[in-house]
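Residue-level listing of the chains:
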Amino acid sequence: MQFEFSAAELTEITGARERRGASDERIRGIAALAEAKAGDLSFLGNPRYKAEVAATKASVVLLPADHAGQPAAGQLFLLVDNPSVALARVCARIEQRLWPRPAPGIHPSAVISPGARVAASATVGPLCVVESGAVVGERAHLQAQIFLGHGALVGDESWLMPGVVVTAECVVGRRVRLHPGVVVGSDGFGYEFVAGRHEKVPQVGNVEVGDDVEIGANSTLDRARFGRTTVGEGTKIDNLVQVAHNVRIGRHCILCAHVGISGSTSLGDYVVLGGQAGVAGHINLGRGAKVGGGAAVTADVDAGAFVNGSPALPYMLERRIAVLRERLPDLFRRVDALEAVIADLKKLSPEGTDRKMPAP
Amino acid sequence: MQFEFSAAELTEITGARERRGASDERIRGIAALAEAKAGDLSFLGNPRYKAEVAATKASVVLLPADHAGQPAAGQLFLLVDNPSVALARVCARIEQRLWPRPAPGIHPSAVISPGARVAASATVGPLCVVESGAVVGERAHLQAQIFLGHGALVGDESWLMPGVVVTAECVVGRRVRLHPGVVVGSDGFGYEFVAGRHEKVPQVGNVEVGDDVEIGANSTLDRARFGRTTVGEGTKIDNLVQVAHNVRIGRHCILCAHVGISGSTSLGDYVVLGGQAGVAGHINLGRGAKVGGGAAVTADVDAGAFVNGSPALPYMLERRIAVLRERLPDLFRRVDALEAVIADLKKLSPEGTDRKMPAP
Amino acid sequence: MQFEFSAAELTEITGARERRGASDERIRGIAALAEAKAGDLSFLGNPRYKAEVAATKASVVLLPADHAGQPAAGQLFLLVDNPSVALARVCARIEQRLWPRPAPGIHPSAVISPGARVAASATVGPLCVVESGAVVGERAHLQAQIFLGHGALVGDESWLMPGVVVTAECVVGRRVRLHPGVVVGSDGFGYEFVAGRHEKVPQVGNVEVGDDVEIGANSTLDRARFGRTTVGEGTKIDNLVQVAHNVRIGRHCILCAHVGISGSTSLGDYVVLGGQAGVAGHINLGRGAKVGGGAAVTADVDAGAFVNGSPALPYMLERRIAVLRERLPDLFRRVDALEAVIADLKKLSPEGTDRKMPAP
């Protein structure tokens, strides 16, 4: 990635509240505080790295507004509301330079059915297939080797990366990013067991993906048995995630990699699922519920609750159990010792007792 | 999805044993009992929703043959052997209308090697690649952007959806559905460790997928080291499932999403694996064995057995352990208390004992 | 797979130290000892199958140099340093015959941007897209339907299988194999939470894959937030693996299927991760660390250590806990019994004690 910013440009992009010091360097790289060198931009995103600010060789450093230190000679501190957000804005500018919006138009190698509607401002790249009745919105970008089925819709300014498949009748909102290999609208997994065979239940619903959603590489979203599988506005889904049929995902949720959500389950807004978490079918996760990585959710989760473990329990209980689990060998030894002492005490006791001890 | 059925058509499709009441509405939607409105078809698939039948606004309702209630005015009850199966048949009819079999023929943008054999009744869609020696059976459908390697076979009436890859020498049976992004025949994961490096063990076997199998989006099946990796007739595999080299999967099995099966493991007929379950290599799961979601199977499972947990144990034992696990904090407190009581009793005992208690 | 070897050819390929017996059969198959028949090659890869050597019908058997037995009539024993390695060499020869290196050149259906550089000895198969600034090395093979983004590099003799996506600026080393559907360079999963919405942190780094790496079908590797996500030389990655942004994987590691590695985590050389294992973000796994299948690593792991379980613990401790876990129902019964005995003893004790027992 090749880019170049002046200190003045960075001040403008980050909306810095205060400049401290000065740098003449052209900024051509970004690096963590400890690894940065002259010509790099760095930032204090996490307070625990505060001690590294004094020693960093970065030419420009993004710092929280209340940061007290002074820059080295030839170094510029930019004080901002949120250094991570400020950095994100710099990276957004770099991204625009790296991947400028392509010129509108349809590549001659794309296969567009007569009944499809592609906005004049949209870009359909090489070797895409757009079937009849499909609609591609304004300034949308089908990068390359995309499949868009009959009657599928892609909203304005969405970006579908190479190898994405959106099957018939599915709807993708505006400003959505679908990473390579995403499948929107594979069949739900539904069968009836009849006479020793699994008879297919055809899946005739669709998938609707809201505005500003991002879906990671090779994730799969199944179409509903009937009705809709939905992903709410602003939700972000990582790579290799499975969303089953008739699932309803709220707005502004976070689903980390390898998460699996079973059929007809419902997630409220702002739900967060850690990596490799699994959620059983037909249950509800309330608004703002959080699920730890690898957890297996088998029952409803209240709004705002944080659960973890397999099967999932309230986070603090699970944490305590995880600690006690390590002490199980010790606990067994302690119970062995208690039984031995009791056996001795019973011998000493003049009358003994009738209670039977189980074999250790 | 746009469709329309008359009450008479639904009676015919579902093979209803009895009609109760009548509806003049054209049926244009399907919905759950509680959400249905006039013009919708609904059904009682699960007895626990029985109470919702009386209040549903659906115009036509599929009910079990022994259902006792009476329809509202303008409402038709169709009594059938199995409402879910009856609904599946209606959906199959909708599916035919939504996705009619495409006209036979090879799209001009497809790249077909001279030595490939494509049946005249088959459809090869846009931007497919079919290499030499590959065979596409009667009425088979390669939808779009499919790759079929040298000598690969696709049986009659199978449907390969966009982006499917079937590598050289692999065999796909009849009436198989491969969802978008499925890979049949990636290399098995095998290396020999020689002089500090992992030396590849070439994988020169293949994969054979039986008749009536369905495989979900982005699932991967590895070719055998030598010999075959096999999936038996009628087995259904969900999305993002991994099947390693030389695995043998029986007939009519169910593998839910994110399941992983390690090399050379064998599954009997009618095995069921819950989502995110993992199975170690070189073991056997007997006919009809069931594995809970997220379970880790590390040893053979008897025919008909149901295991769960990580490592997997018999289901009822695992369930009991899961309950006791939540009571671990309490158990540690109880043992602390017992030790304290014993210490007191020993002080009271005239002679004491020699037994040492471990430090708590 | 059709192939044929003479006994002399197998002797040469395997570099056998000693021939014992003789066979006139042409070798046309490979099979395990118990399943082999005349015309097959077999091998003793694992000493526990030693007893099967005497009964095998294989015409040629690869055996360790110290094997004592004698072949049957018409049977040839080839004594080698490592039968598994010897077999791998035979399979490599078969692989060359099955999949000969294709002729160099660019298929007319491929879409190559003017600014791309494809070596004259490279093969770019049908329906590939190679964007401007991308470089394809000597004898590299882009099989079919590949996407190579702006400025991406593919090293000499690498093989990219159908449907692989390598996004802009990413680097793939020499002799790398990327299986179907691999995505190198999807965006890292990073957002800042601002005013109730997840604001995207653009990911402007890249991915660098070292020489002799192999990556399994549909695995995904995210580009760095800035800087690089790296996979060291000789590392082997199985199917459906997720590698997050800024992860650093050492040389000669093994990552089994469904493994997930969270952002900024670092793996030393020779690390081994079992199937479905997950590793949290921002931690370090030392050189040669091993992680069991399904384990959840939430803290640093020392070089050479073997951990297992969820959360991961030292392997022997975890194994012991797994055994004790099965005995939890018994432990609860034992504590119940101890409490009952203590209650009796206290009644018998002339003075009793003041200690309170918790309710069972």
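Trainee: Pulling in residues and values, what's your account of the packing of aromatic side chains?
Mentor: For the structure on display, the rule yields 15 aromatic pairs over all chains. Look at Phe3(A) and Phe5(A): their rings are 5.7 Å apart centre to centre, the planes differ by 45°, and that puts the pair in the tilted class. Like Phe3(A), the residue Phe5(A) is buried in the burial classification. Where Phe193(B) meets Tyr270(C), the ring centres are 5.9 Å apart and the plane angle is 85°; that geometry is what we call edge-to-face. In this pair, Phe193(B) sits in strand β20 (residues 191-194) while Tyr270(C) sits in the loop between β31 (266-267) and β32 (272-273), so the two residues belong to two different chains. The cationic tip of Lys290(A) hangs over the ring face of Phe306(A); the distance from NZ or CZ to the ring centre is 5.0 Å.

Trainee: Break down the relation of the copies chain C and chain B for me, citing the residues and quoting the values.
Mentor: Both copies of the chain are tied together by a single rotation about an axis and a shift running along it. With an axial shift of 0.0 Å and an RMSD of 0.1 Å, the rotation relating chain C to chain B amounts to 120°. Taken together, the turn and the small shift mark the pair as related by a three-fold rotation axis. With a heterologous cut-off of 20% or less, the 18% of interface residues of chain C that recur at the interface of chain B puts this contact in the heterologous class.

Trainee: So what about the relation of the copies chain A and chain C? Which residues, and what values?
Mentor: Mapping chain A onto chain C calls for a screw motion: a turn of 120° about the axis and a shift of 0.1 Å along it, with 0.1 Å RMSD after fitting. Each copy contacts the other with its own distinct surface, as only 18% of the interface residues of chain A are interface residues in chain C too.

Trainee: Tell me what's going on with the interface of chain A and chain C, and back it up with residues and numbers.
Mentor: Contact with chain A, which involves 72 residues of that partner, is made by 69 residues of chain C. Across the interface of chain A and chain C, roughly 5,700 Å² is buried in total on both sides, 67% from carbon and sulfur atoms. Our count for the contact surface shared by chain A and chain C stands at eight salt bridges. Here Asp336(A) and Arg334(C) are joined by a salt bridge, their closest N and O atoms 2.5 Å apart. Summed over the shared surface of chain A and chain C, the result is 23 residue pairs in polar contact (both at pLDDT 80 or more). If you list the elements that add at least two residues to the side of chain A that touches chain C, you get α2 (83-98), β26 (236-237), β29 (254-255), α3 (315-326) and α4 (328-348) of chain A. A breakdown of the residues in the side of chain A that touches chain C according to their chemical character gives 39 nonpolar, 16 polar and 17 charged.

Trainee: Any details on the side chain of Asp269(B)? Residues and values, ideally.
Mentor: Residue and element names in this part refer to chain B. By the secondary structure assignment, Asp269 is in the loop between β31 (266-267) and β32 (272-273). Taking relative accessible area as the criterion, Asp269 reaches 16% and is therefore assigned buried. Ignoring anything within four residues of it in the chain, the contact list for Asp269 reads Gly250, Arg251, Cys253, Arg287 and Gly288.

Trainee: Go over the pattern of salt bridges with me, naming the residues and quoting the values.
Mentor: Any two side chains of opposite charge can pair, so long as their charged atoms come close to each other. With the rule as written, the count across this model stands at 69 salt bridges over all chains. For Glu12(A), the salt bridge identified is with Arg93(A), shortest N-O distance 3.7 Å. With Glu12(A) in helix α1 (residues 7-14) and Arg93(A) in helix α2, this pair connects stretches of sequence that are 81 residues apart. For the salt bridge of Arg177(A) with Asp187(C), the shortest nitrogen-to-oxygen distance reads 3.1 Å. Placement of the pair is Arg177(A) in strand β18 (residues 177-178) and Asp187(C) in the loop between β19 (183-186) and β20 (191-194), with the two residues belonging to separate chains. One exposure class covers both Arg177(A) and Asp187(C), and it is buried. Through salt bridges with shared partners, a single ionic network connects Glu95(A), Arg177(A), Glu214(A), Asp187(C) and Lys200(C).

Trainee: Go over the interface of chain C and chain B with me, naming the residues and quoting the values.
Mentor: How big an interface is tends to be reported as the loss of accessible area on association of its parts. Every contact between the two is made by 72 residues of chain C and, on the other side, 69 residues of chain B. Taking both partners together, chain C and chain B bury about 5,700 Å²; carbon and sulfur atoms supply 67% of that area. Between Arg334(B) and Glu339(C) there is a salt bridge, and its shortest N-O distance comes to 2.8 Å. The interface formed by chain C and chain B includes 22 residue pairs in polar contact (both at pLDDT 80 or more). Residue assignment for the side of chain C that touches chain B shows that the elements contributing at least two residues are α2 (83-98), β26 (236-237), β29 (254-255), α3 (315-326) and α4 (328-348) of chain C. In terms of residue count, the dominant contributor to the side of chain C that touches chain B is α4(C) (12 residues). Here the side of chain C that touches chain B is composed, by residue class, of 39 nonpolar, 16 polar and 17 charged.

Reading the values: the criteria
- Residues numbered from 1 in each chain as written.
- Chains lettered and ligands numbered in written order.
- Predicted model: local features only at pLDDT ≥ 70, side-chain atom pairs only at ≥ 80, totals over all residues.
- Heavy atoms only, no water.
- Phe/Tyr/Trp six-rings, centres within 6.5 Å; stacked < 30°, edge-to-face > 60°.
- Buried < 20%, exposed > 50% of the residue type's maximum accessible area, 1.4 Å probe, protein only.
- Helix = DSSP H or I, 4+ residues; strand = E, 2+ residues; numbered from the N terminus.
- Lys NZ or Arg CZ within 6 Å of the ring centre and 35° of its normal.
- Least-squares fit on C-alpha atoms with pLDDT ≥ 70 in both.
- Contact = heavy atoms within 4.5 Å.
- Buried area = accessible area lost by both parts, 1.4 Å probe.
- Salt bridge = Lys/Arg side-chain N within 4 Å of Asp/Glu carboxyl O.
- Polar contact = N/O pair within 3.5 Å; in protein donor to acceptor, adjacent residues only side chain to side chain.
- Nonpolar A, V, L, I, M, F, W, Y, C, P; charged D, E, K, R; others polar.

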